[in-house]
Amino acid sequence: MAQAPPRGVLPLVLLILNVGTIYCRRPEPYYGRFIGKLTQYAHGIRGMVYAVDESTVFVRGFAYDGTGPDAYFWVGDSPQPSPEGILVPYPEDYVSRDPPVLAAHTNSDILLRLPPGKRLRDIKWLSVWCRRFTVNFGDVFIPSGLDPPRPRVLPEFKRLAHGLRSGNISVLDAKTFYIPNLHYDGAGPDAYFWVGNGTEPNPFGTKVPNEQGSLHPLRGYLGEDIEIVLPGKLTAYDVDWLAVWCVEYRHNFGHVLIPKDLDVPPALGQTKITTSSTTSQTPISASNNCKEILDKRLQVRWEIQGDHVQVTLAARLRKDQYMAFGLSGAEGRPAMLGADVVVAYWDIRANQPRVVDYSISHLAQCDGERGVCPDLRLGGSNDAILVSGLQKDGVTTISYRRPLLATEADRDKEVLTSRPQSVIAAFGPLNSRYEANAHSFMDTTRSDVQIDFGTTNDNTCLGLAELDAGGPAPWPPRIIAHTTNFTARIGPAGGRRGYTPITGHPSWGIAWYINDQLIPEIYVERGETYTFAVEGGDDRTNPAKFHPFYISDSSEGGFGQKKPEDQRKQRVFAGVAYDNEGYPYPTAVGRYCEWTHKTTDQALQSETFEQYMETLQLECEPGEPSVLNWTVAHETPDLLYYQCYTHNNLGWKIHVVDPGTPIPLPGDKSAITNMATPLLSLSLSLVSLTALYSMVRSR
């Protein structure tokens, strides 16, 4: 085996062409920045390790005897490999629930992607690690100051003919070019993507397949984002320009020059080709396609119709439910983040079916800027076109059409017709805006489901299963009284035992925990001052962890995401101020504390809320709580609500009473006002139990 180059040294080869120009290029094969050799401690570990880019590692010639009982690739930032590391799955596209144990290898080339959010600068070592016995079979250490190759951003296409223009072009790796917002009128009779050498495009170039891998003359483009791959062994280091060139008339429609000092990642398969314009060149005939997902509770039918796909969804929906279907945010697994979905439901107000195009930029309720949002609400377009709808025999069936192309690159994903794609689906409740609220874990795709939209006669449907109409008994609502100090934190909504059955409102999946009780009803007295230590988050860039606390007469909340005319319909009593220009802003903004699940949500298994709390753990970010002081005025209405400024439906009731007013006891329904449902009995919160029992004894 040839000796590896020393760390940090990048060998170069100088090619002198007969025209006298000196070109600087990478040696072939090129694997990226050399990190080092795996040091063997056991089980025949061997391999050369390279940094492909800041989040990808290539292990060349990897060997391992495969006899370790629980071995994985393992990374971490401790001084030495330790149990505190993080597992790096291999192979990456495994289909089982848990990553597979590392198999035997004799001389394998392995591409490893670091876990989401991790970069090479965040880790100090790569190990082959046995979890069961906490043994390091072999490792390599990441040199400090390692500078991995990175994609290179180039200028846009020079605009010369046929309306050719684009955004800034990127060299993603040594073979892949990303061309955003490509426009070209398609009128050139013999035009191709074209690469070659010299100071400008010339006839002595090479055709580059289009985004579909085709060498047909280029079609027209109307603002699509595409990726193209250089053919054969050709790399970006071998060429001086990329152009759109008419071969027949030897005419340059526009080009971009490629700099000599490229330092882009090698092309080892780490770049996933996901373009917004891979359409079929030939029409696909009508088909009889049907697939049942979500435990056979949702039927999905599809048919390619020109440059659109028609989708029909059928399910047994309740009147306040939606069904959602679309393209996963990641290939090979169900991913909500980055997904492009259509939400379909029956609008009982107008007795009409509805379909709405959604994008998911953040795993949080839509705040008007980010989250799980209708594209229209973000200033985009609703690309879902309603075709028909029917309610019959308890089944809601809704058909819609959407373009194959991604019409908005930042919100839409493309429907491919050349290979299967990962899809996601869900059932969930609608909120008061008739927008999708959070679904439960059991009502969404939990494993990879793939559909080949380009296929025909793929029909595996047998019959719809019934939706689960029953449910566990909800926890009784809580009461807090006879205290002037409160903590306000975030926690899980308790599924079908918690927020929704208590309030009758749809839930986003999180709710306020007041004094560590799930949405208790608070009793306050007029003339008294109350203090809330608010820990709902202070990071405005992360809507999933930004929940300012405020008090209002709105049972929905979400003051900050409302339009001015809707804000005027709310009366705010604490937690909101106005700047010099009259714009509102929240004042109760403190660090983020959340009750999180120790494992998975155990609401269904917890008969009482106290049992549920034992399955949770409190996690707080650095910082201090915000202190909100509220003096209850004598003219304050009898019923208010504590809410989240940025999201709907996180809080519940504040009962305002005169001093000396009796607080309702369990079973005393005559003293209870405005309860969510008369079938729910009251239970006492821990913080007020002693005081209330003393009242009983005094009687």
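Just so it is clear, the model here is predicted, and its values are computed rather than measured.

Rules used in this analysis
- Residues numbered from 1 in each chain as written.
- Predicted model: local features only at pLDDT ≥ 70, side-chain atom pairs only at ≥ 80, totals over all residues.
- Heavy atoms only, no water.
- Helix = DSSP H or I, 4+ residues; strand = E, 2+ residues; numbered from the N terminus.
- Buried < 20%, exposed > 50% of the residue type's maximum accessible area, 1.4 Å probe, protein only.
- Contact = heavy atoms within 4.5 Å.
- Areas by Shrake-Rupley, 256 points an atom, 1.4 Å probe, with all protein chains shown as cover.
- Salt bridge = Lys/Arg side-chain N within 4 Å of Asp/Glu carboxyl O.
- Pairing = 2+ DSSP bridges.
- Axes fitted to C-alpha atoms, helices over the stretch in contact; angles between N-to-C directions.
- Disulfide = S-S within 2.5 Å.
- Phe/Tyr/Trp six-rings, centres within 6.5 Å; stacked < 30°, edge-to-face > 60°.
- Core = buried A, V, L, I, M, F, W, Y, C linked by side-chain atoms within 4.5 Å.

Draft legend 1. Highlighting the overall build of the protein chain. A count of helical and extended segments in the protein chain gives 4 helices and 45 strands. For the protein chain, with 699 residues in total, the buried portion stands at 51%. Of all intrachain contacts in the protein chain linking residues separated by at least 6 positions in sequence, the fraction that spans at least 24 positions is 66%. On the protein chain, roughly 31900 Å² of surface is accessible, and the fraction owed to carbon and sulfur atoms is 52%.

Draft legend 2. Representation of the pattern of salt bridges. Applying the stated rule across the entire model yields 32 salt bridges. For R489, the salt bridge identified is with E535, shortest N-O distance 2.6 Å. Residue R489 is located in strand β32 (residues 485–492), and its partner E535 is located in strand β36 (residues 529–535); the two are separated by 46 residues in the primary sequence. Here R489 matches E535 in class, with each residue buried. Notably, a salt bridge pairs R526 with D638, separated by 2.5 Å at the nearest N-O pair.

Draft legend 3. Quick look at the sheet that holds strand β25 (residues 352–360). Judged by pairing direction, the sheet is antiparallel, and its 6 strands sit side by side in the order β26-β25-β24-β23-β29-β30 without closing on themselves. The open sheet is flanked by β26 (372–374) and β30 (449–451), the only strands paired with a single partner. The average undirected angle you get between the axes of adjacent strands in this sheet is 35°.

Draft legend 4. Spotlight on the pairing of strand β14 (residues 176–184). A large share of β14 lies buried, amounting to 7 of its 9 residues. Here strand β13 (residues 170–171) hands over to β14 after 4 residues, the two strands then running antiparallel side by side. Examined bridge by bridge, β14 and strand β17 (residues 221–229) share 7 bridges and lie antiparallel to one another. Across the sheet, residue Y184 finds its bridge partner in β17, namely Y221.

Draft legend 5. Up close: the state of the cysteines. Counted under the stated rule, the structure contains 3 disulfides. At a sulfur-sulfur separation of 1.9 Å, the disulfide partner of C290 is C461. Handedness of the C290-C461 disulfide follows from its S-S torsion of about -85°: it is left-handed. Separated by 171 residues along the polypeptide, C290 in strand β20 (residues 289–293) and C461 in the loop between β30 and β31 (479–480) bring together distant segments of the chain. A sulfur-sulfur distance of 2.1 Å marks the disulfide that ties C366 to C373. One disulfide, between C366 and C373, carries an S-S torsion of 105° and so falls in the right-handed class.

Draft legend 6. Molecular detail of the packing of aromatic side chains. Enumeration over the complete set of coordinates arrives at 27 aromatic pairs. For the ring pair Y31 and F58, a centre distance of 5.2 Å and an interplane angle of 15° mean the geometry is stacked. Here F58 lies in strand β6 (residues 56–64) and Y31 lies in the loop between β2 (22–25) and β3 (33–37), a separation of 27 residues in the sequence. On the basis of relative accessibility, which here comes to 6%, the residue F58 falls in the buried class.

Draft legend 7. Expanded view of the sheet that holds strand β15 (residues 191–196). Judged by pairing direction, the sheet is antiparallel, and its 4 strands sit side by side in the order β16-β15-β18-β19 without closing on themselves. Here the strands that pair on one side only, and so sit at the sheet edges, are β16 (206–208) and β19 (251–257). Across the sheet, the axes of successive neighbouring strands diverge by a mean angle of 35°, strand direction being ignored. As defined by bridge partners, strand β18 (residues 241–246) adjoins β19 across 6 bridges and the pair is classed as antiparallel. The residue of β19 that forms the bridge with L242 is V256.

Draft legend 8. Region of interest: the pairing of strand β11 (residues 135–141). Most of β11 is tucked away, with 5 of its 7 residues classed as buried. Pairing analysis gives 2 bridges linking strand β4 (residues 39–40) to β11, with the strands arranged antiparallel. By the bridge assignment, T39 is partnered in β11 with D139. As defined by bridge partners, strand β10 (residues 125–130) adjoins β11 across 6 bridges and the pair is classed as antiparallel. Bridging across to β11, S127 finds its partner in D139. Where β10 folds back onto β11 in an antiparallel hairpin, the turn is made up of 4 residues, including T134, whose phi is positive at roughly 45°.

Draft legend 9. Structural view of the nonpolar core. Counting 42 residues, the largest nonpolar core has W512, I514, F532, F549, W630, Y642 and I654 as the members making the most contacts within it. Residue contributions to this core peak at 5 residues, all from strand β33 (residues 510–514). Look past the residues within four positions of I654 in its chain and what remains in contact with it is I522, V524, I551, W630, D638, L639, L640, Y641 and Y642. Counting residues in each nonpolar core, the second largest holds 32 residues, with L164, V195, I258 and V264 among its members.

Draft legend 10. Region of the structure containing unusual backbone geometry. Omega for the bond connecting Y90 with P91 falls within 30 degrees of zero, at 0°, which places this linkage in the cis form. Structurally, the position occupied by P91 is in the loop between β8 (86–88) and β9 (105–113). In this structure, N181 takes a positive phi of about 50° despite not being glycine. Mapped onto the secondary structure, N181 falls in strand β14. Relative accessible area serves as the criterion here: at 37%, N181 is assigned to the partly exposed category. Backbone geometry places Y434, a non-glycine residue, at a positive phi of 60°.

Just distances and angles here, no functional claims.
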